[in-house]
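Report on the structure
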Amino acid sequence: MAAQPSIELTTIGTTSQKFQSQGESTNVSAIPAIDAEDGFDRGYAWVIAGACSVMSMFVGLLYSWGVMQAYLAKKNVAPDSTLAFIGSTAVAGVAVFAVISTHLIRRTGTRNASLISCALMTTAQFLSSWTTENIGGLFVTNGVLLGLGCSIGFMASSGLPAQYFKRRRGLANGLVYAGNGIGACVFSLLSQTLLTRLGIAWTFRILSFITIATTLPAALFMNDRTRRASASFDFSFYFSCRRWFPLLVPPFFIPLYASSIGISGTLGSILLALFSLSSAAGRLGFGYLGDIIGPITSLLLTLVVCSLSMLVIWPVSASIGPFVVFVLINGAGNGGFFATMPSVIGHIYGSKRLATALAMVVSAYSAGYLMGAPVAGFILEQYGGNAAGRAAFRPAMYYAGSMSLGSAAFVLVVRYLSSPKLLAFV
């Protein structure tokens, strides 16, 4: 029988082969292969990490609200609980709009979605400058609109590094999430300086100019390498919202508490910036620790650190020394929680369900985001408010600390069910 014509198949990263009829020899002609790992963990991948970190920095605007809140409280614009609710609305927006943001990113691409985020964050702050004495207006501009913009930016910067990193993905994610803490630090100090010199209206306007000048170039670098998976609804992921109730109490109330023990507004903003820096260090430290002892175990430690600092150190912080210790320890635990959660989600649900799990778990944060600080503010008011001195803060401290401790107990159960061995990687 005559031999059939040979067919030559060439693929990237493999060899070229000539397949012939049965009984004939197979002739393999090797060609230089392209490295399958080309582009990962090097070169443009670090540009992506830098751009995502810059975008993450401006999500840190949400956590500098405590400076604005203290300024507005002194002007008697609204009660502490109402002002805290504005900040919580913005942070809750990151969670509420998470699934919508994920669908937008998949539909338009990460770069275009990041440009939309840039436009929304800039517009929100600029409009806030015209609503500084209108609580309803601040809810819409600095609450809902800023929350939506930050949600898109957060989801875009959180998911993109996975397309460019493999071996160093943990380090890349740590750098991205650390940008959030650094941003909160920078904007806390900057906001306090601008408030003192120019007032709140021009503070919002200048922040809006800085936002567009910085995030616009970063967004242009945020290119997708592959198309993202679409997020779907799975309400089984909403179990985690309880853990988020105490997270925003310290950053929102540090300036207020500082004033109750005789610390100036300027030094109070520095303490909030110190909290943010400690948070950035905690994100890197606990994220790295998770690679060694396991993400669930690392998450458990962050909650233990947060709860003990709020129940033991904060209540006895009658002067600046103990209060600084509290700020540093709680900031590290708080930031570590943010950094370890994505690793925990991937560890529990696996890569196939990661898109759905991440979007839904972030959405589940909304209850804790929205109600955590306002509940603490309501408790503070019931005991006399900021004017009643530091003793009025203690019930709010115990509320936040007990919620965090209860969350730690819940995670401890999850860890035990995953593996009862003390030194197991879980």
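Residues numbered from 1 in each chain as written. Predicted model: local features only at pLDDT ≥ 70, side-chain atom pairs only at ≥ 80, totals over all residues. Heavy atoms only, no water.

**So, the environment of Val362**
Checked against the element boundaries, Val362 lands in helix α13 (residues 354-382). By relative accessible area, which is 3% here, Val362 ends up buried. Separated by 207 residues in the primary sequence, Val362 and Met155 place their C-alpha atoms 9.3 Å from one another. If we skip the residues at most four places from it in the chain, Val362 touches Val94, Ala95, Ala98, Phe154 and Met155. (Helix = DSSP H or I, 4+ residues; strand = E, 2+ residues; numbered from the N terminus. Buried < 20%, exposed > 50% of the residue type's maximum accessible area, 1.4 Å probe, protein only. Contact = heavy atoms within 4.5 Å.)

**Quick notes on unusual backbone geometry**
Look at Asn76: it is not a glycine, yet its phi comes out positive at around 55°. With respect to the helices, strands and loops of the structure, Asn76 is situated in the loop between α2 (65-74) and α3 (80-96). Under the relative-accessibility criterion, Asn76 is labelled exposed at 66%.

**So, the confidence of the model for the chain**
For the chain, the average pLDDT comes to 79, and 80% of its residues sit at 70 or higher. Here residues 1-36 is a poorly scored stretch, pLDDT under 50, and it has 33 contacts once near neighbours within four places are set aside; other chains count. Across residues 235-242, where pLDDT falls below 50, the model places 22 contacts with residues more than four positions away in sequence or in other chains. (pLDDT = per-residue confidence, 0-100.)

**Focus on the packing of α2 against α3**
At a minimum axis distance of 10 Å, the contact between α2 and α3 shows a crossing angle of 150°. Taken as axis vectors, α2 and α3 run roughly antiparallel relative to one another. α3 is crossed by α2, and the crossing has right-handed handedness. Here α2 contributes Trp65, Gln69, Leu72 and Ala73 to the contact with α3, which in turn contributes Asp80, Leu83, Ala84, Ile86 and Gly87. (Axes fitted to C-alpha atoms, helices over the stretch in contact; angles between N-to-C directions. Parallel < 35°, antiparallel > 145°, perpendicular 65-115°, else oblique. Left-handed = near helix turned anticlockwise from the far one by under 90°.)

**What to know about the nonpolar core**
With 84 residues, the main nonpolar core has Leu62, Phe253, Trp314 and Phe323 as its most contacted residues. Listed in part, the 15 residues of the second largest apolar core include Val344, Ile345, Val361 and Val426. (Core = buried A, V, L, I, M, F, W, Y, C linked by side-chain atoms within 4.5 Å.)

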